[in-house]
Amino acid sequence: MSNQTLQEYKLINFNAPIHVINSFDHLVRYKGVSRTSQLLHLIDDFMRSEQLALSKDHELSTFIDSVSLQERQKVKKQLIEDHEPAMIPSASDDFDWEERFR
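Now for a quick tour of the structure. Each residue is numbered by its place in its chain's sequence as written, counting from 1. Whole-chain, interface and lining totals are the exception, using all residues; otherwise, since this is a predicted model, local features are given only for residues with pLDDT of at least 70 and side-chain atom pairs are given and counted only at 80 or more. Computation of side-chain values covers all heavy atoms of the structure but excludes hydrogens and water.

Description of the overall build of the chain
Secondary structure is summarised from DSSP: a helix means a run of H or I of at least four residues, a strand means a run of E of at least two, and numbering begins at the N terminus for each. Along the backbone of the chain there are 3 helices and 0 strands. Reading the chain from its N end, one meets helices and strands in the order α-α-α. For each residue, the accessible area found with a 1.4 Å probe, counting protein chains only, is set against the maximum for its type, and the residue is called buried under 20%, exposed over 50%, and partly exposed in between. Here the chain holds 102 residues, and 4% of them are scored as buried. Only the protein chains shown count as cover for residues, with accessible areas throughout obtained via the Shrake-Rupley method and a probe of 1.4 Å. Looking at the chain as shown, the accessible area adds up to about 10500 Å², and 59% of this sits on carbon and sulfur atoms.

A closer look at the layout of surface pockets
In this structure, the largest pocket occupies an estimated 510 Å³ of space. Throughout, the protein atoms alone are placed on a 1 Å grid, and a set of points is a cavity if a 1.4 Å probe fits but cannot get out or a pocket if it is open with protein on both sides within 12 Å along at least five of seven lines; lining residues have an atom within 4 Å of a point. Lining the largest pocket we find 15 residues, and of these Ile12, Phe14, Arg35, Thr36 and Leu39 sit closest to its centre. Listed by contribution, the elements that provide at least two residues to the lining of the largest pocket are α2 (18–31) and α3 (35–82). For the lining of the largest pocket, the leading source of residues is α3, giving 5 residues. Grid points are joined across faces, edges and corners, and a volume is the space filled by probe spheres set on the points.

Thoughts on α2
To estimate how far a helix should extend, the number of its residues minus one is multiplied by 1.5 Å. Along its 14 residues, α2 runs 20 Å from first to last C-alpha, staying within 8% of the 20 Å computed at 1.5 Å per residue. All of the buried residues in α2 are Phe24, Asp25 and Val28. Along α2, the residues classed as buried sweep out an arc of 105 degrees about the axis, all on the same side. In α2, those exposed residues whose orientation departs by more than 90 degrees from the buried face are His19, His26, Leu27 and Tyr30. Residues are treated as being in contact if the distance between any of their heavy atoms lies within 4.5 Å. Where α2 is buried, its residues contact α3. The arc in question is the one spanned by the directions pointing from the helix axis to the C-beta atoms.

Some details on the pattern of salt bridges
The salt bridge criterion pairs a side-chain nitrogen of Lys or Arg with a carboxyl oxygen of Asp or Glu, the two atoms within 4 Å. A complete count under the given rule lists 3 salt bridges for this structure. Ionic pairing is found between Arg35 and Asp25, a salt bridge with its closest N-O pair at 2.7 Å. Of this pair, Arg35 sits in helix α3 while Asp25 sits in helix α2, and the two are 10 residues apart along the sequence. Owing to a relative accessible area of 14%, Asp25 belongs among the buried residues under this scheme. One salt bridge in this structure joins Lys74 and Glu71, with 3.4 Å as the shortest N-O distance. Of the two residues, Lys74 and Glu71 both sit in helix α3, 3 residues apart, roughly one turn of that helix.

Digging into a nonpolar patch on the surface
In this analysis, a patch consists of residues with relative accessible area above 30% that form no salt bridge, clustered at 9 Å for like charges and at 5 Å for the nonpolar side chains Val, Leu, Ile, Met, Phe, Trp and Tyr. A cluster of nonpolar side chains, Ile12, Phe14, Leu40, Ile43, Phe46 and Met47, forms an exposed patch at the surface whose accessible area comes to about 660 Å². Mapped onto the secondary structure, Leu40 falls in helix α3.

What to know about the side chain of Gln38
Inspection of the secondary structure assignment puts Gln38 in helix α3. Apart from residues lying up to four places away in sequence, Gln38 is in contact with Phe24, Val28, Lys31 and Val33.

Everything listed here is a matter of geometry and, on its own, says nothing about what the molecule does.
Below is the structure:
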């Protein structure tokens, strides 16, 4: 076996309940496939479905962000339209300040 062939594959193993493995073995024997090929098929299906789900999540997130941005812009525009300039008090030196308190 060449060195390149060893790098293209990776041995994985894990613990699983015996009843799950026994049932799985019965099913793959019935289908006429190997345990490895069925596990790889399941892993591949999982990755594809997750990629689609992540893509849909991204679309939803983008949609929510755009709606949120539109709402912020709408509120900002409304605040600008409803804005009244501050009333600047005016003071005149022409009157006696004591007269204001009478």
